[in-house]
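Report on the structure
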Amino acid sequence: MVTFLAGGTGTPKLLAGAGDVFPPERTTVVANTGDDIELGGHLVCPDLDTVLFLDGGELDRETWWGIADDSDATHDELHRLADAADLPTGPQYLPEDIQTAGRDIARHRRFSGVAEFMYIGDRDRAVHVTRTSLLDAGHSLTEVTRRLADAFGLERTLLPMSDDPVATMIHTPRGPMHFQEWWVGRNGVPAVEDVEFRGGDRATASDSVLQALADPVVVGPSNPVTSLGPMLAVEGIREALAETPVVAVSPFVGDRVFSGPATALMAGVGRDPSTAGVADAYPFADAFVLDSDDETALDRPVVRTDTTLDTEADSDRVARAVADALGEVT
Ligand code: GDP
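First, a word on what this report is: a plain description of the structure on this page.

Along the protein, the regular secondary structure elements total 13 helices and 15 strands. Relative to the globule expectation of 20 Å for 330 residues, the C-alpha radius of gyration of the protein, 19 Å, shows essentially globular dimensions. By principal-axis analysis of the C-alpha atoms, the protein measures approximately 60 × 45 × 35 Å. Of all 330 residues assigned to the protein, the portion counted as buried reaches 55%.

Applying the stated criterion across every chain yields a total of eight aromatic pairs. When the centroid spacing of 5.4 Å and the interplanar angle of 50° are considered together, the rings of Phe 53 and Phe 152 count as tilted. Here the residue Phe 53 occupies a position in helix α2 (residues 46-55), and Phe 152 occupies one in the loop between α6 (141-151) and β6 (157-160), the gap between them amounting to 99 residues. The residues Phe 53 and Phe 152 share a single accessibility class, namely buried. By the ring-pair criterion, three or more aromatic residues cluster together here, those being Tyr 93, Phe 111 and Phe 117.

A few words on the sheet that holds strand β4 (residues 42-44). Across the sheet, which stays open at both edges, the three strands sit in the order β4-β3-β5 with mixed pairing between neighbours. Lying at the two open borders of the sheet, with one neighbouring strand each, are β4 and β5 (110-111). Relative to β4, strand β3 (residues 37-39) is paired through three bridges, and the arrangement is antiparallel. Counterpart to Leu 39 in the pairing with β4 is His 42.

The subject of this paragraph is the nonpolar core. Within the largest apolar cluster, 43 residues are counted, with the highest numbers of intra-cluster contacts made by Leu 14, Phe 22, Leu 52, Leu 158 and Val 322. In terms of residue count, helix α13 (residues 312-329) provides more of this core than any other element does, six residues in total. The residues contacting Leu 14, other than those within four sequence positions of it, are Phe 4, Val 218, Gly 220, Pro 221, Val 249, Leu 309, Ser 315, Val 318 and Ala 319. Among the nonpolar cores identified, the runner-up in size contains 41 residues, and Val 30, Leu 232, Ala 248 and Tyr 282 belong to it.

Moving on, we get to the sheet that holds β6. Pairing within the open sheet is parallel, and its seven strands lie in the order β6-β2-β1-β10-β11-β14-β15. Looking at strand neighbours, the two that pair on one side only are β6 and β15 (302-305), the edges of this open sheet. Between one strand axis and the next, the sheet turns through 20° on average, direction left out of account. As paired strands, strand β10 (residues 217-219) and strand β11 (residues 246-249) are joined by three bridges and run parallel to one another. Within the sheet, the bridge partner assigned to Val 217 lies in β11 and is Val 246. Running at roughly 170° to β6, α2 makes contact with β1 (2-6), β2 (27-31) and β6 of the sheet.

Below, the discussion takes up helix α3 (residues 73-84). Compared with an ideal rise of 1.5 Å per residue, which puts twelve residues at 16 Å, α3 spans 16 Å between its outermost C-alpha atoms and is within 8% of the ideal. Asp 86, located one to two residues past α3, shows a positive phi value of around 55°.

A separate point is the environment of Glu 62. When you line up the elements, Glu 62 lands in the loop between α2 and α3. The class for Glu 62 is exposed, based on a relative accessible area of 75%. Put simply, Glu 62 and Leu 148 are 86 residues apart on the chain and 23 Å apart in space, counted from C-alpha to C-alpha.

To continue, consider the pairing of strand β14 (residues 287-291). For β14, a buried count of five out of five residues is recorded, marking the element as mostly surrounded by other parts of the structure. Strand direction decides the pairing type here: β11 and β14, joined by three bridges, are parallel. Of the residues in β14, the one forming a bridge with Ala 248 is Phe 288. Here four bridges tie β14 to β15, and the two strands are oriented parallel to one another.

The local shell around the ligand holds 20 residues, among which Thr 9, Ser 222, Asn 223, Ser 227 and Leu 309 are the closest. Here a nitrogen atom of the ligand and a backbone polar atom of Ser 250 are 3.3 Å apart. Against a free-state accessible area of 600 Å², the protein chains account for coverage of 92% of the ligand. The residue inventory of the shell around the ligand, partitioned by class, reads six nonpolar, eleven polar and three charged.

To continue, consider α2. Counted residue by residue, α2 has nine buried out of ten residues, so it is predominantly covered. Taken from the residues just after α2, Gly 57 is the one with a positive phi, measuring 75°.

Pairs may arise between side chains of opposite charge once their charged atoms sit close together. The final tally for this structure, using the stated rule, is 16 salt bridges. With its nearest N and O atoms 2.8 Å apart, the salt bridge here joins Arg 103 to Glu 38. In this pair, Arg 103 sits in the loop between α4 (96-99) and β5 while Glu 38 sits in strand β3, placing the two residues 65 residues apart along the sequence. In this structure Arg 103 comes out as partly exposed when scored by relative accessible area, which is 23%. Residue Arg 186 is joined to Glu 181 by a salt bridge in which the shortest nitrogen-to-oxygen separation is 2.9 Å. Take Arg 186: its relative accessible area is 28%, and that puts it in the partly exposed class. Overall, the relative accessible area of 6% leaves Glu 181 in the buried class. Via salt bridges that share partners, Glu 38, Arg 103, Arg 110 and Asp 136 belong to a single interconnected network.

Calculation criteria
- Residues numbered from 1 in each chain as written.
- Predicted model: local features only at pLDDT ≥ 70, side-chain atom pairs only at ≥ 80, totals over all residues.
- Heavy atoms only, no water.
- Helix = DSSP H or I, 4+ residues; strand = E, 2+ residues; numbered from the N terminus.
- Rg over C-alpha atoms; globule rule 2.2 N^0.38 Å.
- Buried < 20%, exposed > 50% of the residue type's maximum accessible area, 1.4 Å probe, protein only.
- Phe/Tyr/Trp six-rings, centres within 6.5 Å; stacked < 30°, edge-to-face > 60°.
- Pairing = 2+ DSSP bridges.
- Core = buried A, V, L, I, M, F, W, Y, C linked by side-chain atoms within 4.5 Å.
- Contact = heavy atoms within 4.5 Å.
- Axes fitted to C-alpha atoms, helices over the stretch in contact; angles between N-to-C directions.
- Expected span 1.5 Å × (residues − 1).
- Near = heavy atom within 4 Å.
- Polar contact = N/O pair within 3.5 Å; in protein donor to acceptor, adjacent residues only side chain to side chain.
- Areas by Shrake-Rupley, 256 points an atom, 1.4 Å probe, with all protein chains shown as cover.
- Nonpolar A, V, L, I, M, F, W, Y, C, P; charged D, E, K, R; others polar.
- Salt bridge = Lys/Arg side-chain N within 4 Å of Asp/Glu carboxyl O.

Structural data, given as structure tokens:
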């Protein structure tokens, strides 16, 4: 068995065509939940859902989130209602005292559904309604994810990083805001002064995650700050990674990022926005897979290949490099 740690883009792109090298039934994916928010009363788990939809054959591969060709009737109606009633639009936190009330897993990340600031398709929304209803009936996020994985026919085991709430907050000159407000609501424009994983000090890894981390681990080319950072804040995960063989794939080529806000976030937490900075952030990684054009010298074994992940053939090539790197450290 091999365990992958995943955010919502880089690692799912690697998984997309990795099946010949890492057979799905022998693969576990632990997904970041720091990006999750409660929107209009429903818990949305973007990174879990990208893997759910990818493996279920439903993912929109243009965006790497949501269900392909989903309809938007409810989203459009939410905006029509807000318009007609002259209600505010944009990301709206529920009041401060509500942030710590009620459903524990939504702490510090509760947003109004009025004119929802994040696009949710109709079929996608059905997943959030089902998930939230099962959570409210007393099931853990791990159990709920297993049921959803069954519904989507997953062969891989998919686990949330924790059953406890961890909210990724971006500190900016405009004040702290949840990652989704910063990235989706404000296009990542406010300067990053720091990143906080609120709740991380009280979150623990589930038994399923700890078991999965006893196997060799692949840290896919995900964002080290907002996809791996929340996991490393959860009690037990960093310790488990130190004990097991870990191979990390860089989301950078030198100091060039493939996509997304990794550069601003790395700089914001005082790390070099580059492969060298990633290696510093991952002291538990025993080997790295870097791009052939990446000249970074590291103090650990490196396997080089073209790390572009646009097609399933690309994923297969990078997966073979990961397997080679694992071979060097197991
Ligand atoms: P998020 O949850 O959507 O932020 O996604 P992740 O954290 O899983 O992935 C974001 C990272 O994926 C970015 O830092 C990108 O550099 C990286 N990424 C995107 N496309 C590619 C690719 O084709 N190859 C590699 N190596 N990394 C990629």
